[in-house]
Structure formats: C-alpha cells, structure tokens
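The chain contents come next:
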Amino acid sequence: MVETDFLTHTLGNGIRIIHQFTDSPVGHLGVLINAGSRDELEEEHGLAHFIEHSVFKGTQKRKAFHILSRIEGVGGELNAYTTKEETVLYATFLTEYYERSAELLADILFNSVYPEKELKREKEVVVEEINSYKDSPSELIFDEFEELVFDGHPIARNILGTKKNLRSFTRDSIFRFIENNYHTDQMVISSVGNVDFGVLVKMLEKYFGAVPAKLRNNSRVKFENYKPQQQIIQKDTFQSHCIIGNIAFDACHPQRTVMVLLNNILGGQAMNSRLNLALRERRGMAYNVESGYTAYSDTGLFNVYFGTDKENLDKALALVLKEFDLLRDKKLGALQVSRAKKQLIGQIAVATESRDDMMLTIGKSYLLYDKVDPLRVVFKTIEEITAEQLLEAANLVLDKNQMSTLIYK
C-alpha cells in the first residue's frame, strides 16, 4: 500500500480513478457523476432520476435484457441511484468479471440509446415509485421538509419529480441533460477488489479513456437566505409524523465532522442515542425517532424525525426541544465526549466491513475533495474533537429560533 492506502490515476479526459486493493473474491466497481436532481432546470424536475432508471434500457449494441444479464447472469449485481448532487452506476461481481463489469458500465454510460418504447414503460415504473412514496408518510415527510427549508431553490425539489414532468420527458430531454451535466472532470471510477492497479488502469483506459474530454463550465446556484418555516398538514394516518430541523454545515466546512458526532450523540443509529432514550426507551412514545445530517456542496441540513400517537405529539416535540437545550446549555463532560467518540469510531470501522459501501464512500470523497483520508486520519480527526466544539456546533444548529417544522397531524 502507498501512504494514502488508496491508489489513484487520472485518465487523459479527466476521469479520475481510485482503487483499494482487497484479497476478497468479490469486486466492486462504480462510476460516480457529480450531477443530480439539483442540477435540473425547473421543467426537468425528475429527469436525473429518470435517466438513472433508463440507462439500462438499451445501448448501441445491447438490448435491455442483455444489459441486465451481463452481470447478474454470472451471480453479480448491477445497480444505480440518484441523489440531489450525484448519479451513481455500480456493480458487484466475482473478481474474474472485472473487465466485463468495466466494459458494461462504460457501455451503458456512454452508449445508451434510450428507446422510446422502453422510456414509455419506464415512466410507468417511476409513477409507481412516486405513488409508493405518497403511501408512506414516514418517507414523504423528508422530501416535503426539504421543500419547506430550501423553498424555491433547486435543491428543494424531490428527486423523483412529478408525474406531469415525467410524461413530458423525451429522448431529446435526456441527451440534453447528459450533454449539460455529465462532464468527464466530474466523474470518478471507484474500485475495491482483488485486481492489480496497473491492470485496472489499463482496463479502464480501454473502455473509458477514448471518451472525449468535457469539462464543467457551469456552477450550481448557491443556497442562501434561509428563513425558518412551520407547516401543519392534515393527514388521514394513525400516527402524527413530525420533522424539525435547521440548515447546517456544508461538505467542506471545518465543523462538518463535529456535526457528524453531535448528530450521532443526539439521534444516531445506536439505541443509546439521547432521543431514542428520551422518547422510546423511557416513555414508549415512539417506535421510530432519529436525527440526520446531510452535507451538500454549499449548505447542509440537520433534522429530527419521529412518529407518535396524535395525543403524544406535543409532549414528544417538547422532549426533542429539551434535548436541544441540554446540548446547547451545558458542555458535555470528558467521559461523555470520550464515549461518544469511541462509539462513532466503532460504527465507522464496522461500516468499512461492507466493501460495496466502502467503494461508494471512497468514490464520493474523491469526487468531492479529490482525496480520501485513510481511516487512521478520520479517527484522529474525531479524537481531536473537543467538548467546546460540540457546544459551539449545538448553539449554531440546535437554535430553537432557527428551526423549521413540518407536522403531519
């Protein structure tokens, strides 16, 4: 291994490669593109996600069935997803199929033809996906909360889009979005597996290197002028659903890691998080209660979600606000901070055992920062967080006067 633990290379057209060697018989390969739903024009709302669905529907030399069978026919998996800021295509496979996977990912990314017949069918699939969200208030509320917080800004719009927009998309719409947003200097190929790096680079040069360079010449509209919003929506549901939050630190902010730790203390994945103890364990008021922190390129979002019986809504919300106050008013003790840091470090270490997640994580880091810190550096950064930094972050982000609230009542 080199000092960074990761091997990197940049193709002549600007596409970056990052690789981590493992001795596993299973390989993971993905292409991450710095383009997502926030890069859509208003009339394109939902198009980035629709392209992600449609990219598997046929290339210049393959029909949809042959694309799906190329990797899955040998026991692997081919998948994709869209976020507000990224589109990702990736595969998991036995190591002997590295080249097959690389060739297929390049083929669907650069040679897809988006047949009209397939597009028409896939629109119905996405309509059903939209309908499924509308049937799930615990998922829908997150999208509607971002629309509330980022009101009017491109980042506010949900990823799936609307049925009306979806019906209007054509092949021309797709090719226009790709031309405007899929830039080679905004692509990273991420690999985790048992393959020699020189062999991998040669392979990727063969399938990705001939693509003409296309550099980004447009910039995203920065989100500014946040104003807290409150909204109550009447819903015919058994529970009340509540989400409360504030804007937070962007992906390059020096306090980003502090915020990750603060969020984990408050409502992270562990059963001993403050919110889980306060609402679920001690009072039985909620089955689901969680907090989340998402760092975007120019802003961030912190939120707390819970579902509870309608008559417990006010009490549960008061308990959440009380936990905010506790973290803002009193500095955590040395033992509390030490335990919190050990917990987060352990969770990150456990997560790295999932090598497909590792492939996506290092790919995203390389895409955003043009570097990936080894775990020892990540852990050192966490270890250096102080109680004073946590208090400062809490006072900035957990300010009740800056909170937006969305309730399904």
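Conventions used here
- Residues numbered from 1 in each chain as written.
- Predicted model: local features only at pLDDT ≥ 70, side-chain atom pairs only at ≥ 80, totals over all residues.
- Heavy atoms only, no water.
- Helix = DSSP H or I, 4+ residues; strand = E, 2+ residues; numbered from the N terminus.
- Rg over C-alpha atoms; globule rule 2.2 N^0.38 Å.
- Buried < 20%, exposed > 50% of the residue type's maximum accessible area, 1.4 Å probe, protein only.
- Contact = heavy atoms within 4.5 Å.
- Areas by Shrake-Rupley, 256 points an atom, 1.4 Å probe, with all protein chains shown as cover.
- UniProt positions renumbered as here; feature names shortened; annotations may be inferred.
- Phe/Tyr/Trp six-rings, centres within 6.5 Å; stacked < 30°, edge-to-face > 60°.
- Core = buried A, V, L, I, M, F, W, Y, C linked by side-chain atoms within 4.5 Å.
- Pairing = 2+ DSSP bridges.
- Axes fitted to C-alpha atoms, helices over the stretch in contact; angles between N-to-C directions.
- Domains from an automatic or database assignment.
- Buried area = accessible area lost by both parts, 1.4 Å probe.
- Salt bridge = Lys/Arg side-chain N within 4 Å of Asp/Glu carboxyl O.
- Polar contact = N/O pair within 3.5 Å; in protein donor to acceptor, adjacent residues only side chain to side chain.
- Nonpolar A, V, L, I, M, F, W, Y, C, P; charged D, E, K, R; others polar.

Novice: Could you clarify how one ought to interpret the overall build of the protein chain in this entry?
Specialist: Counting secondary structure elements, the protein chain contains 15 helices and 11 strands. The C-alpha radius of gyration of the protein chain comes to 22 Å, within 12% of the 22 Å expected for a compact globule of 409 residues. In terms of overall dimensions, the protein chain has a C-alpha envelope of 60 × 50 × 40 Å along the principal axes. A total of 409 residues make up the protein chain; the buried ones form 53% of that total. Taking the contacts inside the protein chain whose residues are at least 6 apart along the sequence as the reference set, 83% of them involve residues at least 24 apart. Total accessible area on the protein chain is roughly 19,200 Å²; 50% of this is exposed by carbon and sulfur atoms.

Novice: Sorry if this is basic, but what is going on with the side chain of Gln347 here?
Specialist: With respect to the secondary-structure elements, Gln347 resides in helix α12 (residues 334–351). With residues near it in sequence (within four places) discarded, Gln347 still touches Asn264, Gln269 and Ala270.

Novice: Please clarify how helix α1 (residues 47–54) should be interpreted in this entry.
Specialist: Every α-helix winds through 3.6 residues per turn, so residues three or four apart in the chain are directed the same way. Of all the 8 residues making up α1, 8 are buried; the element is thus mostly covered by neighbouring parts of the structure. Of the positions making up α1, those classed as buried are Leu47, Ala48, His49, Phe50, Ile51, Glu52, His53 and Ser54. Taken together, the buried residues of α1 touch β4 (77–82), β5 (87–94), α4 (116–134), α6 (163–168) and α7 (171–181).

Novice: Explain the UniProt feature "domain: Peptidase M16 C-terminal" (unreviewed entry) in the protein chain here, please?
Specialist: Those places that UniProt annotates as "domain: Peptidase M16 C-terminal" (unreviewed entry) correspond, in this numbering, to residues 168–344. Taken end to end, residues 168–344 is 41% helix and 23% strand, and its first and last C-alpha atoms sit 45 Å apart.

Novice: Got a minute to help me understand the environment of Asp172 in this structure?
Specialist: Looking at the element boundaries, Asp172 is found in helix α7. Each C-alpha atom of the pair Asp172 and Gly75 lies 35 Å from the other, and the pair is 97 residues apart in sequence.

Novice: Help me out: how do you make sense of the packing of aromatic side chains in this one?
Specialist: The description of an aromatic ring pair uses the distance of the two centres, along with the angle that the planes make with each other. Going through the model one piece at a time under the given rule, you end up with 10 aromatic pairs. When the centroid spacing of 5.9 Å and the interplanar angle of 80° are considered together, the rings of Phe110 and Phe208 count as edge-to-face. You can see Phe110 sitting in helix α3 (residues 98–111) and its partner Phe208 sitting in helix α8 (residues 197–208), a full 98 residues away along the chain. You can call Phe208 buried: its relative accessible area is 1%. Centroid distance Phe150 to Phe223: 4.8 Å. Interplanar angle 90°. Geometry classified as edge-to-face. Within this pair, whereas Phe150 is found in the loop between α5 (137–149) and α6, its partner Phe223 is found in the loop between α8 and β7 (230–233), the two being separated by 73 residues in sequence.

Novice: I keep staring at the nonpolar core and nothing clicks. Help me out?
Specialist: Grouped burial of nonpolar side chains is what soluble globular proteins tend to show. In this structure, Tyr182 and Phe208 are the most contacted members of the largest nonpolar core, which totals 49 residues. Residue contributions to this core peak at 7 residues, all from α3. By size, the runner-up hydrophobic cluster in this structure holds 43 residues, among which are Leu261, Leu279, Met285 and Leu319.

Novice: Got a minute to help me understand the sheet that holds strand β9 (residues 286–295) in this structure?
Specialist: Backbone-to-backbone hydrogen bonds join strands into a sheet, with any given pair of strands oriented parallel or antiparallel. Reading across the sheet, the 5 strands line up as β7-β11-β8-β10-β9 and stay open at both edges, with mixed pairing between neighbours. For this open sheet the edge positions go to β7 and β9, each flanked by a neighbour on one side alone. Strand-to-strand twist across the sheet, computed as the mean angle between neighbouring axes with direction ignored, equals 10°. Across 10 bridges, strand β8 (residues 239–248) lies against strand β10 (residues 300–309) in antiparallel orientation. If you follow Ile244 over to β10, its bridge partner there is Val304. Relative to the sheet, helix α9 (residues 256–267) contacts β9 and β10, its axis offset from that of β9 by approximately 180°. Running at roughly 160° to β9, helix α10 (residues 274–281) makes contact with β9 and β10 of the sheet.

Novice: Please explain the domain arrangement of the protein chain as it appears in this structure.
Specialist: For an interface, size is often stated in terms of accessible area lost upon the parts coming together. If you check the domain split of the protein chain, you get domain 1 (6–209) and domain 2 (230–408). In this structure, domain 1 and domain 2 have C-alpha centres spaced 28 Å apart. Tallying the contact residues gives 41 residues for domain 1 and 37 residues for domain 2. Both sides together, the interface formed by domain 1 and domain 2 hides about 3,300 Å², and carbon and sulfur atoms give 73% of it. Linking domain 1 with domain 2 are 3 salt bridges. With its nearest N and O atoms 3.8 Å apart, the salt bridge here joins Lys364 to Glu86. Taken together, the connections running from domain 1 to domain 2 amount to 8 residue pairs in polar contact (both at pLDDT 80 or more). Sorting the residues of the side of domain 1 that touches domain 2 by element identifies β2 (16–21), β3 (26–33), β5, α5 and β6 (187–193) as the ones contributing at least two each. With 10 residues, α5 is the single largest residue contributor to the side of domain 1 that touches domain 2. Taken together, the residues of the side of domain 1 that touches domain 2 sort by class into 21 nonpolar, 12 polar and 8 charged.

Novice: I tried to follow the sheet that holds β4 on my own but got confused; where do I start?
Specialist: If you walk across this open sheet you meet the 6 strands as β1-β2-β6-β3-β5-β4, and the pairing is mixed. A strand with exactly one partner marks an edge of an open sheet, and here the two such strands are β1 (7–10) and β4. Here the average twist between neighbouring strands, direction ignored, is 15°. Pairing of β3 with β5 involves 8 bridges; the strand directions are antiparallel. Looking at β5, one finds that Ile33 is bridged to Thr87. This element, helix α2 (residues 64–72), spans β4 and β5 of the sheet and lies at about 115° to β4.

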